[in-house]
Amino acid sequence: MSRTIIVGGGPSGMSAAVEIARAGGDAIIIDSNPRLGGQYWRHAPVAKFSHDGERFFALQEEINRHPGIEVRAGTQVWRASYQEGVATVWLNDGTSLTSETLLVATGAYDRSLPFPGWDLPGSMTAGGAQAILKASGALLGRAVFVAGTGPFLLPVAASLVEAGVKVLGVLEANRVNGWVNHLGAIDLRKMKDAARYFKILSAAKVPIRMGYAIIEARGDGRIEEVVIAKVDRNFTVKPGTVEVHKCDAIATGWGFTPDLTIAHSLGVSTDVHPIDRSVVVHVDAFQESSQHGIFAAGESTGVGGVDLALTEGRVAGIAIAVQRGLISTVEAKNRSVGLASERTKIRKFADALLSVYKIREGWRSWLNPETILCRCEEVTFKQVRNVVHDLGASDVRTAKLLSRCGMGMCQGRVCGRMVADVIGAEIGTPATDDELRGIHNRPIANPISLQTLADQGQ
Amino acid sequence: MKTADVVVIGAGVVGSSCALIMAEAGLKVIVVDRGPIAGGTTGAGEGNIMVSDKEIVPEIELAVRSRNAWFEIADRIGNNFELQAKGGIALSRTDAGMAGLRKLASHQNAHGIETIEVDGARLRELEPHMNPDIETAIHYPGDGQCQPMLSAAYFLRTVRHLKGEVWQRTEVLGFSKDKDGSITGVRTSKEEISTRYVVNATGTWAGDIARLAGSELSIMPRRGFILVTTPAPKLIHHKVYDADYVANVASDSPELQSSAVVEGTESGTILIGASRERIGFDSRINMAALERLAKQAISVFPVLSKLELLRVYRGFRPYSPDHLPVIGEDAKVKGLFHCAGHEGAGIGTAPGSGELLTAMILGKPTFMDATPFLPKRFQGVA
Amino acid sequence: MKIYLNGVEVEATENESVGTFLLKRRQQVLRKTRFNDQPRGMFCGIGVCFDCIVTIDDIANQRACITQLRSGMRIEVTS
Ligand SMILES: Cc1cc2nc3c(=O)[nH]c(=O)nc-3n(C[C@H](O)[C@H](O)[C@H](O)COP(=O)(O)OP(=O)(O)OC[C@H]3O[C@@H](n4cnc5c(N)ncnc54)[C@H](O)[C@@H]3O)c2cc1C
Ligand SMILES: Cc1cc2nc3c(=O)[nH]c(=O)nc-3n(C[C@H](O)[C@H](O)[C@H](O)COP(=O)(O)OP(=O)(O)OC[C@H]3O[C@@H](n4cnc5c(N)ncnc54)[C@H](O)[C@@H]3O)c2cc1C
Ligand code: FES
């Protein structure tokens, strides 16, 4: 039996690899990042973590120590397939791997909402601002706003403050009362984290404004000022609350989108999450998908944060060890003590957060006809409306193909969901579950050199 | 009950061309499609309006007329569909291949297609990035290109402006006929439409509609992949293909065939087509097909080795047993007209097909002898 | 180590992405868009959005944010 393929070396992929190693198995982790750690543990090579480095080093140390685990960092999976019980992945170094067991641990990326000027240089996602800071200490700007929705805005703002950036405000579009308590409901670590972020932000006198959003960014070739406003519970701008502020960058985040590209190529069944309608891999209690031997863990099964990713990774790793005959089910039970209840507990909490920090429909009122929806192909709101109302596009796919929205290099990763919502609203019926699934259909997951492709046939 | 002069089934490029030309002729048209507009093969086609790959005389005549009709339509309704007369280049790097191309060119020339043999120097002017080992080729100034989905959408928009209707997501359930067996209506999942004429423009699925009407028609799918590169500044100016492509179209072998047809698009991406396989509706990606296309394209344009593959799309070309389209009235069901089976040329030849069909329905003279396209050639009627 | 930025030799350190290296040099704008000639810089920072694409060693459309600097690398940006 060939070694297990793990696509994604973030918390879930790492913890699964460790469990497989402990069971005496072998695996190969593939990750496009130059180093293990995924989005959460993004770090410079000489690692310096602001906090929570211990867990990373423990996992990394065990992975490095075990001869059965190979890490192929800096390598992308550009295509994946599953046929007759065997998974194949093609890597951008021109090689390919096959195995009867594969773990999808591809994580998530920031969900974005468009507004006039969101394409200006200086506008980044919240996760992106965090990522470049963690990886190399790069700063997106000197005087910035952090805006959007979700508990993730706080650590981002706190890291920026610690790095010496002037954070002019944290704008949370939802009105969240007593959310520290909310976080406290799960465990002490979250509680402590949140308290720490608040302390950093209040020491720096960073205003945290609930029910506010960035509705426009302006500038000549880069961000010079933003328009912010108070929004109601539906995210519609409250008249008379508009303010204009100077700044040189913004970080916006609206939660995360699970990255289903590889999962979709493997043909696994997916669910549409009842709360935020994100598409997630459907897994059983052992993190196994509808395809035998294909497992999924971490954000690809639903956004839940690092602790859930670690827990699901362990469950998946142990289940893979059982499926490969490395350990007995009895042994698996011993190794899994507490994991299932932990997973349930965090999942419940994650769902509670999703409901609180939901994206409300009124955001579409921030758009003007010239607002870019598809950054890659520079398709405007007006053009999308036009293919619906003038050309008769009556579904997401047709509107996309006629307007080129989502046809660019990111293959709809950034705009796919948001455009589906816009089109749904224009047509008058929300995108169907299958239309939302279709957004993740990217048979070519990452661009691949034509030369590499041509050489493969030799 | 709704009434229409003609019901067109299928909102692909063929159905929408028929509908446009009939609506312009003053007929009241209702287009019915079980899916969205241009959601079939038209949404997977490359948009080549080619005269250069046609060999058989009736096909040449249809292609030449269609090519001109494309530009006339653009003049009438506005060119909102990226129509361009970019020209094609056919090449071969073997003496035998070139001899074949020359022979074909002189045959085509005799039937109204402009062909120019070009030498290496001229070739480099036309395509600066072409592999220097290619020393001669045939230039076809008449080849054009369009964006097929936009074309269909704009044709149908005009149909709506001419008081026609487009019913999307409407399934055809059956046909009503009179005592003589002539069509009197179309039963749909929305409501019945009273009409004397039905155009079956359902491409790969045309056999199903024929069967539903009590007749038969053999149209089969032939899978093809197209590679789309990441966007690049304009590198390739014509549609460039090698002689194998022409050989492929007429070939009868089911296994994978491919040869590079390379062209740039308005949006900056470069399209590399087209493989041909007859394996039914199997939508899985065939790696061998992708590898071959990439290799062949790079051999014609070495600069492509510096570009990346961004997307792959695949479609199923509708083909008939003799590889000619089926255009005309059904031999068994009066009032049922087929316009299907255009294989890899349905975009290019859609307007001419629409003109033929409109003339047939109106009982007017056709611009060419359409006998070779009539459905009766497969329907056991002499 | 040395790299070439628009043909000019510049000093760079290892273990840095092209994107963060350029940002630290105050090169926020990495390219102009194809249709409207608008400036763009890094957006997602993790290889998802393709806004940060630059030409690296003659290969167009490479994501600056996930490409690690290598000695002798030639980077072309438009600003
Ligand atoms: C930009 C960003 C920053 C974040 N920062 C924080 C933070 O500071 N604190 C926090 O608590 N949470 C953060 N998160 C949330 C994060 O999603 C989770 O905390 C956690 O990292 C999830 O773990 P995971 O294992 O599911 O996936 P991830 O950590 O997302 O790991 C998935 C990995 O898979 C790789 N991958 C995906 N597809 C492919 C492919 N085709 N080929 C090769 N590799 C592939 C990715 O490169 C990535 O390294 C961040 C999220 C994002 C998007
Ligand atoms: C990879 C590839 C590349 C190609 N490149 C070119 C090219 O460069 N140039 C060129 O000229 N041609 C090209 N072609 C061929 C061209 O795409 C087709 O010949 C053409 O699109 C056929 O159009 P159509 O309208 O007949 O069929 P379709 O576009 O398939 O339309 C048929 C319509 O009928 C509808 N339908 C089917 N059954 C029913 C029913 N029972 N009730 C209601 N509606 C129904 C479908 O939903 C569909 O919308 C290519 C094809 C492929 C696959
Ligand atoms: S910044 Fe998004 S891909 Fe590089």
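To be clear, the structure that these remarks concern was listed above.
Calculation notes
Residues numbered from 1 in each chain as written. Chains lettered and ligands numbered in written order. Predicted model: local features only at pLDDT ≥ 70, side-chain atom pairs only at ≥ 80, totals over all residues. Heavy atoms only, no water. Contact = heavy atoms within 4.5 Å. Buried area = accessible area lost by both parts, 1.4 Å probe. Salt bridge = Lys/Arg side-chain N within 4 Å of Asp/Glu carboxyl O. Polar contact = N/O pair within 3.5 Å; in protein donor to acceptor, adjacent residues only side chain to side chain. Helix = DSSP H or I, 4+ residues; strand = E, 2+ residues; numbered from the N terminus. Nonpolar A, V, L, I, M, F, W, Y, C, P; charged D, E, K, R; others polar. Phe/Tyr/Trp six-rings, centres within 6.5 Å; stacked < 30°, edge-to-face > 60°. Buried < 20%, exposed > 50% of the residue type's maximum accessible area, 1.4 Å probe, protein only. Lys NZ or Arg CZ within 6 Å of the ring centre and 35° of its normal.

Caption draft 1: Fine view of the interface of chain C and chain A. Contacts between the two partners involve 29 residues from chain C and, on the opposite side, 40 residues from chain A. The junction of chain C with chain A conceals about 2900 Å² of combined surface from both sides, 56% of it contributed by carbon and sulfur atoms. Of all residues in chain C, the largest losses of buried area upon contact with chain A belong to C:Arg40, C:Phe43 and C:Ile46, amounting jointly to 24% of the total for that side. Taken together, chain C and chain A are joined by three salt bridges. Residues C:Asp51 and A:Arg375 are paired through a salt bridge, measuring 2.4 Å at the closest nitrogen-oxygen approach. Counting every contact that joins chain C to chain A gives 14 residue pairs in polar contact (both at pLDDT 80 or more). Elements with a minimum of two residues in the side of chain C that touches chain A: α1 (18–24), β4 (39–40) and β6 (59–63) of chain C. No other element matches α1(C), which puts three residues into the side of chain C that touches chain A. Here the side of chain C that touches chain A is composed, by residue class, of 13 nonpolar, nine polar and seven charged.

Caption draft 2: Broad picture of the packing of aromatic side chains. Scanning all chains against the criterion turns up 12 aromatic pairs over all chains. An angle of 45 degrees between the planes, with centres 5.8 Å apart, marks the rings of A:Trp254 and A:Trp366 as tilted. Remark: A:Trp366 occurs in the loop between α10 (339–356) and β21 (372–374) and A:Trp254 occurs in strand β16 (residues 249–254); sequence separation between them is 112 residues. For the ring pair B:Trp70 and B:Phe155, a centre distance of 5.5 Å and an interplane angle of 40 degrees mean the geometry is tilted. In this pair, B:Trp70 sits in helix α2 (residues 57–77) while B:Phe155 sits in helix α5 (residues 148–161), placing the two residues 85 residues apart along the sequence. Like B:Trp70, the residue B:Phe155 is buried in the burial classification. Put simply, the rings of A:Tyr40, A:Trp41, A:Phe56 and A:Phe57 touch in pairs and so form one group of aromatic residues. Above the face of the C:Phe43 ring, A:Arg375 is positioned so that its terminal group lies 3.7 Å from the ring centre. One residue, B:Arg34, lies across the ring of B:Trp205, its end atom 5.3 Å from the ring centre.

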